[in-house]
Amino acid sequence: MSVMQKIKDIEDEMARTQKNKATSAHLGSLKAKLAKLRRELLEPSTGAGAGGGGKGEGFDVNKVGDARVGLVGFPSVGKSTLLTKLTGTMSEVAAYEFTTLTCIPGVVHYRGAKIQMLDLPGIIEGAKDGKGRGRQVISTARTCNVILIVLDCLKPISHKKLIEKELEGFGIRLNKRPPGITFRRKDKGGVSLTTTISEPKLDLDSVKAVCSEYRIHNADVHLKEDCDVDDLVDCIEGSRVYIPCIYVLNKIDQITMEELNVIDKLPHYCPVCAYHEWNLDGLVEMIWDYIDVLRIYTKPKGKLPDYGDPVVLPKNRRTVEDFCNRIHKGIMKQFKYALVWGTSVKHKPQKVGRDHVLDDEDIVQIVKKI
């Protein structure tokens, strides 16, 4: 029996099974089996038994700039036009589907930062299982800081659900954060579950069923928040990526103002018209908010700060040491202290050490050992 057939059988069994407390452990075991089979499908063994489409490797595109944004969507929704209007890079546009057959990169310069945009070929239903060039497209999407799901506002809203399903099947979690689960293996003592939640969705039987499927018989599981079986499977698998996503609704010139007002109130949505260049500034501003970075300006001794070329850092790694390593790995060997101007310090300038946390648009001057 092929892997695809096994996946279909498990999905059918899950659809038939009623969801209640008595069946939660059985459903947890089925979900764990499904996750393992999907992993097999994404990374098939080489040889005669390997499935079509090969291993899930992305397009060979060098990562340039401070952040990477991928345009994902069905064929002929306006991804190539959007890339051309935003970056000036020529991506072929035509009236037929699958015009773009490989990954086309471009760069947007915004607030001193370079944002790489990738126009990925259109995906089809079943992309995660290797149909079309789906695995290559979704593998490249995994490397992005933000994913733009481009939708045609005249097409059914079910297209959004289909694309989300394809990305979820490849281990991409959109607009989510890692689950608050601490999972630790141990040598003996069985599986234990502790939680600070009064009535959690997960019970010990479900946790044991999932762990048993992975042949884990001794582990400590602690829930920091109310998580379900899917979150536990994601935590054990460990290969999930959590990426912010913007739903770009293109071709808004063909809908009414009333419909546009409804769309504008939905979370994570950005209505645009690539052909007429409507709301492209709003889209770039939204991308900037979602990539979650800050700009630090350098100041050579005795000179004015260089406002033209900031050092761009992610907000989760923004200490003085991170700033130095971004410029050059060898700076920290000669580092003595840094002088900082900006909102992260009380005095201007203020002498700080390597662990000082910087804020957006701070100015930093590095003092080396003599």
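Preceding this paragraph is the structure being described.
Residues numbered from 1 in each chain as written. Predicted model: local features only at pLDDT ≥ 70, side-chain atom pairs only at ≥ 80, totals over all residues. Heavy atoms only, no water.

Trainee: Pulling in residues and values, what's your account of the packing of helix α3 (residues 79-87) against helix α9 (residues 280-291)?
Mentor: Where α3 meets α9, the closest approach of the two axes is 11 Å, and the angle between their N-to-C directions is 85 degrees. Put simply, α3 runs roughly perpendicular to α9. Across from Leu82, Lys85 and Leu86 in α3, the residues of α9 making contact are Leu280, Leu283 and Val284. Here the contact of α3 with α9 is built from residues that sort into five nonpolar, no polar and one charged. (Axes fitted to C-alpha atoms, helices over the stretch in contact; angles between N-to-C directions. Helix = DSSP H or I, 4+ residues; strand = E, 2+ residues; numbered from the N terminus. Parallel < 35°, antiparallel > 145°, perpendicular 65-115°, else oblique. Contact = heavy atoms within 4.5 Å. Nonpolar A, V, L, I, M, F, W, Y, C, P; charged D, E, K, R; others polar.)

Trainee: Which residues make up the nonpolar core, and what values go with them?
Mentor: Ranked by size, the top nonpolar core spans 60 residues in total, and within it Leu82, Met117 and Ile246 carry the most contacts. Tallying contributions element by element places α9 first for this core, with eight residues. When residues no more than four places from it in sequence are discounted, the contact partners of Ile246 are Val146, Ile147, Leu148, Ile149, His268, Cys270, Leu283, Met286, Ile287 and Tyr290. Ala32, Ala219, Cys227 and Val229 belong to the second-largest nonpolar core, a separate cluster that totals 18 residues. (Core = buried A, V, L, I, M, F, W, Y, C linked by side-chain atoms within 4.5 Å. Buried < 20%, exposed > 50% of the residue type's maximum accessible area, 1.4 Å probe, protein only.)

Trainee: So what about the sheet that holds strand β3 (residues 113-119)? Which residues, and what values?
Mentor: Ordered by their spatial adjacency, six strands build an open sheet running β2-β3-β1-β4-β10-β11, and the pairing between neighbours is mixed. Every other strand in the sheet has two partners, leaving β2 (104-110) and β11 (269-271) as the edge strands with one partner each. Each strand of the sheet is rotated relative to its neighbour by a mean of 25 degrees, with strand direction disregarded. Relative to β3, α3 is tilted by about 160 degrees, and along the sheet it contacts β1 (67-72), β2, β3, β4 (146-152) and β10 (245-250). (Pairing = 2+ DSSP bridges.)

Trainee: Please provide a residue-by-residue account of the pairing of strand β16 (residues 362-368), values included.
Mentor: The buried count for β16 comes to five of seven residues, which makes it a mostly enclosed element. In this sheet, β16 lies alongside strand β12 (residues 293-298) in parallel orientation, the contact comprising three bridges. Residue Ile296 lies in a different strand from β16, and its bridge partner there is Asp362. By the bridge criterion, six bridges tie strand β14 (residues 335-341) to β16 in an arrangement that is antiparallel. Following the sheet pairing, Phe335 is matched in β16 by Lys368.

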